[in-house]
Amino acid sequence: MKLNSGLRFRAVAQLAALALAGVLFASTASAQAPAATTAATSASGVNWATKTMEEIRQGAERGDAVAQRVLANAYLTGQGMAQNLALAVQWFRKAADQGHPLAQHQLGLMAAKGKCIPQDATGAAGWFRKAGDQGYAESQFELGLAYAGGLGVPRNKINAYRWLALAEQQGHAKAAAELKTLAAKMSAFEISEAKRKL
């Protein structure tokens, strides 16, 4: 898709806003909101927020995971191109399969809520674990909630505490509140075991 300069500017501005948001369905209260240049910059140093949709598509097709996530967000929201939920899921999966934590988190949210893909609590927990293992605080928070509620994983207060504590250590305010509530329901031994796993 070729864009004139006015449309290119608008597309770049919209992509920058998407990159700043990080993940479409993520909590706005999250302490982990990467800057546009961080969320849209690939390991090769390309800042996809400054590129046209055609350049982003080409980068995604070449296998750049950040470009794939940015393209997926554009398809998901219809910003800069026609909305196409099937293509959004396809590009999120490609980025997630390469280990992109924001794409993994997005797929976790989609699976948890049944948005664009069938609702699957086990699949959601799996995606949250992949992103959480990479240190993505929002996914650590979601996985902690999953363990606390038995959503897609066996209910386990020790694992819930561990994941919430990991998110809280990164300044995730909601995780801190949930951790306090959870700790009030745990024995000293359970808390000790959870802390040992950190």
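So, a few notes on the structure that sits alongside this text. (Residues numbered from 1 in each chain as written. Predicted model: local features only at pLDDT ≥ 70, side-chain atom pairs only at ≥ 80, totals over all residues. Heavy atoms only, no water.)

This brings us to helix H11 (residues 188–196). Of the residues making up H11, those classed as buried are Ile191, Glu193 and Ala194. For H11, the angular spread of buried residues about the axis comes to 160 degrees, placing them on one side. Every exposed residue of H11 that faces more than 90 degrees away from the buried side is listed here: Ala188, Phe189 and Arg196. Those residues of H11 that are buried lie in contact with helix H9 (157–169) and helix H10 (173–183). (Buried < 20%, exposed > 50% of the residue type's maximum accessible area, 1.4 Å probe, protein only. Helix = DSSP H or I, 4+ residues; strand = E, 2+ residues; numbered from the N terminus. Arc of directions from axis to C-beta. Contact = heavy atoms within 4.5 Å.)

In this section: the pattern of salt bridges. Side chains that differ in sign of charge can pair as their charged atoms come close. Tallied over the full model, the rule gives 3 salt bridges. Of the charged contacts in the structure, one is a salt bridge between Arg196 and Glu193, with a shortest N-O distance of 2.8 Å. Of this pair, Arg196 and Glu193 both sit in helix H11, 3 residues apart, which is roughly one turn of that helix. Its relative accessible area of 19% is what places Glu193 among the buried residues. (Salt bridge = Lys/Arg side-chain N within 4 Å of Asp/Glu carboxyl O.)

Attention shifts here to the packing of aromatic side chains. Summed over the entire model, instances satisfying the criterion amount to 0 aromatic pairs. Lying over the aromatic face of Trp91, Lys94 brings its terminal NZ or CZ to 4.7 Å of the ring centre. One cation-aromatic arrangement involves Lys130 over Trp127; the distance from NZ or CZ to the ring centre is 4.9 Å. (Phe/Tyr/Trp six-rings, centres within 6.5 Å; stacked < 30°, edge-to-face > 60°. Lys NZ or Arg CZ within 6 Å of the ring centre and 35° of its normal.)

Our focus in this paragraph is the layout of surface pockets. Size it by volume and the largest pocket reaches roughly 190 Å³. In this structure, the largest pocket is lined by Leu109, Ala112, Gln119, Ala121, Ala124, Ala125, Phe128, Glu142, Leu145, Ala146 and Leu151. Those elements giving two or more residues to the lining of the largest pocket turn out to be helix H6 (101–113), helix H7 (121–133) and helix H8 (137–149). Broken down by element, the residue count for the lining of the largest pocket peaks at 4 residues, all from H7. (1 Å grid on protein atoms, 1.4 Å probe; cavity = no way out; pocket = protein on both sides within 12 Å on 5 of 7 lines; lining within 4 Å. Points joined across faces, edges and corners; volume = space filled by probe spheres on them.)

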